[in-house]
Amino acid sequence: MGGSPSRPQMVASLNHRDYRESISGIVSEFEFAFFPQRAVIRAWPTTDEKALNNKIIMPANVTALKLHQGILYCGLENGTIKCAQWDFRSSSGRLLDDSTDLTGQRGAVKAMWIRGDSLFCGCEEMVRIWDLERKQCYQTLQLPGVRRMKTICTFMNNLYIGSSNEIRAYDLQANSLLWTTTVHEFTSMVVCQGTLYVGCRNSPEILCYSLDTGLRCRTLRGHHGGVTALLAINRRPSGPGADMDSAGTELISGSADRRWARWTFKETGEPKPVFSDVVHHSAIDLLYYDPQSKYLYSVQEGTSADKHICKWKL
């Protein structure tokens, strides 16, 4: 009780020379990790790293990926969101009927976010919000000037959008802009403990912003390279449909120093990082946490063949 988290242990790694393309997302369920590479979603049974032939073929390159209630939502380069399912008994996947497609996005699907039964889909100068039960879009936000979108997230009634060099906050009820702040070489952002945490490729510091005003409030230091990935996790889930990032109790950061760090928040004092060992050969640009298995997945940047995906027990 009250002690520092122990140093994380890596329990599996995907080390295969055939899979060198960049990965646009990763999700996990029942000891399978799913990750897209171009127009294929591959399934990695993490108990057997040699069995890598399982895959789902997509009609276009996959640019974003989310998993919700057993359905893989696959955002494509052509603006469509395709739905797929995985049969865990036969270790095979399939695309669902075209009637389940979510269409109407402008350009490639750049970012997706799920809260409850709503899917937020970000593309060029637009965010569309879908009711996943009815497969209907019930709100569209036109975002003039928002290009090269990288990530979106929500907190309460607000939507936060991160693009290459700025962050914008919108009031979802009023459909209005709340604030804009400039950042340089933006990579990622999450909401954790009521604060917006931002990573930038050109800085080893994690920048912290007020959710209400967009003003800088503090800085987290510890990495020796640019912050390339951020993830908020909830080690005390509050039930089905909980907004994992908004209710985050711990912050995970990945860096160009090839390590990831776990930041635990306490009632007093600044959070202190606990770093992983260096096992990647380039910057970590994706992090994913499976709350059921309590495994963390780290994905390295670029086309390096060795240790592209690592699995850790928290």
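These remarks concern the structure in this document. (Residues numbered from 1 in each chain as written. Predicted model: local features only at pLDDT ≥ 70, side-chain atom pairs only at ≥ 80, totals over all residues. Heavy atoms only, no water.)

### Looking at the overall build of the protein
Reasoning step 1: Secondary structure assignment for the protein yields zero helices and 28 strands.
Reasoning step 2: Taken across its 314 residues, the protein has 56% of its residues classed as buried. (Helix = DSSP H or I, 4+ residues; strand = E, 2+ residues; numbered from the N terminus. Buried < 20%, exposed > 50% of the residue type's maximum accessible area, 1.4 Å probe, protein only.)

### Notes on the nonpolar core
Reasoning step 1: Leu-159, Ile-161, Leu-196 and Val-198 are the most contacted members of the largest nonpolar core, which totals 29 residues.
Reasoning step 2: Not counting the four nearest positions on each side in its chain, Val-198 is found in contact with Ile-167, Val-183, Phe-186, Ser-188, Met-189, Glu-205, Ile-206, Leu-207, Tyr-209 and Leu-230.
Reasoning step 3: Counting residues in hydrophobic clusters, the runner-up holds 28 residues, among them Leu-14, Ile-56, Leu-65 and Leu-76. (Core = buried A, V, L, I, M, F, W, Y, C linked by side-chain atoms within 4.5 Å. Contact = heavy atoms within 4.5 Å.)

### Re the packing of aromatic side chains
Reasoning step 1: For the coordinates displayed, the defined rule picks out eight aromatic pairs.
Reasoning step 2: Ring geometry for Tyr-197 versus Phe-265: centroids 5.8 Å apart, planes at 55 degrees, classification tilted. With Tyr-197 in strand 19 (residues 195–200) and Phe-265 in the loop between strand 24 (260–264) and strand 25 (272–275), this pair connects stretches of sequence that are 68 residues apart.
Reasoning step 3: Relative accessible area serves as the criterion here: at 0%, Tyr-197 is assigned to the buried category.
Reasoning step 4: The exposure class of Phe-265 is buried, given its relative accessible area of 16%.
Reasoning step 5: Three or more aromatic residues joined by ring pairs form one cluster here, namely Phe-32, Phe-34 and Trp-86.
Reasoning step 6: The positively charged end of Arg-259 is found above the aromatic ring belonging to Phe-275, 3.9 Å away from the centroid.
Reasoning step 7: Positioned above the aromatic ring of Tyr-295 is the side chain of Lys-311, whose terminal nitrogen or guanidinium carbon lies 3.9 Å from the ring centre. (Phe/Tyr/Trp six-rings, centres within 6.5 Å; stacked < 30°, edge-to-face > 60°. Lys NZ or Arg CZ within 6 Å of the ring centre and 35° of its normal.)

### Some details on the sheet that holds strand 4 (residues 40–45)
Reasoning step 1: Here we have four strands laid out as an open sheet, ordered 2-3-4-5, and antiparallel in their pairing. Each edge of the open sheet carries a strand with a single partner, namely strand 2 (27–29) and strand 5 (55–57). Here the average twist between neighbouring strands, direction ignored, is 20 degrees.
Reasoning step 2: When strand 3 (residues 32–37) meets strand 4, the two strands line up antiparallel, connected through six bridges. Across the sheet, Phe-35 pairs through a bridge with Arg-42, a residue of strand 4. (Pairing = 2+ DSSP bridges. Axes fitted to C-alpha atoms, helices over the stretch in contact; angles between N-to-C directions.)

### Looking at the sheet that holds strand 15 (residues 158–163)
Reasoning step 1: Sheet architecture is open: four strands sit in the order 14-15-16-17, paired in antiparallel fashion. Here the strands that pair on one side only, and so sit at the sheet edges, are strand 14 (149–155) and strand 17 (176–182). Taken pair by pair, the neighbouring strands of this sheet meet at an average axis angle of 20 degrees, ignoring direction.
Reasoning step 2: Bridge count for strand 16 (residues 166–171) against strand 17 is six bridges, and the pairing is antiparallel. If you follow Ile-167 over to strand 17, its bridge partner there is Thr-181.

### Some details on the environment of Cys-137
Reasoning step 1: As for its position among the elements, Cys-137 is in strand 13 (residues 136–142).
Reasoning step 2: In this structure, the C-alpha to C-alpha distance between Cys-137 and Phe-120, residues 17 residues apart in sequence, is 9.6 Å.
Reasoning step 3: In contact with Cys-137, other than residues within four places in its own chain, are Arg-128, Ile-129 and Trp-130.

### Digging into the side chain of Thr-195
Reasoning step 1: You can see Thr-195 is positioned in strand 19.
Reasoning step 2: Those residues in contact with Thr-195 that lie beyond four places of it in its chain are Val-190, Cys-208, Tyr-209, Leu-211 and Cys-217.

### A few points about the environment of Thr-80
Reasoning step 1: Note on placement: Thr-80 falls in the loop between strand 7 (71–76) and strand 8 (81–87).
Reasoning step 2: Distance in space between the C-alpha atoms of Thr-80 and Gly-107 is 8.8 Å, their sequence separation being 27 residues.
Reasoning step 3: Ignoring sequence-local partners within four residues, the contact set of Thr-80 consists of Cys-74, Gly-75, Asp-101, Leu-102, Thr-103 and Val-109.

### Considerations on the pattern of salt bridges
Reasoning step 1: Under the criterion given, the structure shown has ten salt bridges.
Reasoning step 2: In this structure, the salt-bridge partner of Arg-168 is Glu-166, at a minimum N-O distance of 2.7 Å. Per residue, the accessibility class of Arg-168 equals that of Glu-166, and both read buried.
Reasoning step 3: As a salt-bridge pair, Arg-218 and Glu-270 come within 3.4 Å of each other at their nearest N and O atoms. Taken together, the positions of Arg-218 in strand 21 (residues 216–220) and Glu-270 in the loop between strand 24 and strand 25 put the pair 52 residues apart, joining distant regions of the chain.
Reasoning step 4: What emerges from the salt-bridge pattern is a single network uniting Lys-82, Asp-98 and Asp-101. (Salt bridge = Lys/Arg side-chain N within 4 Å of Asp/Glu carboxyl O.)

### Digging into the pairing of strand 24
Reasoning step 1: In terms of burial, strand 24 is a largely internal element, four of the five residues being buried.
Reasoning step 2: Linkage of strand 23 (residues 250–255) to strand 24, two consecutive antiparallel strands, is achieved through a turn of four residues, within which Arg-258 is found at a positive phi near 75 degrees.
Reasoning step 3: Relative to strand 25, strand 24 runs antiparallel, the two being bridged by four bridges. Residue pairing for strand 25: Ala-261 is matched across the bridge by Phe-275.

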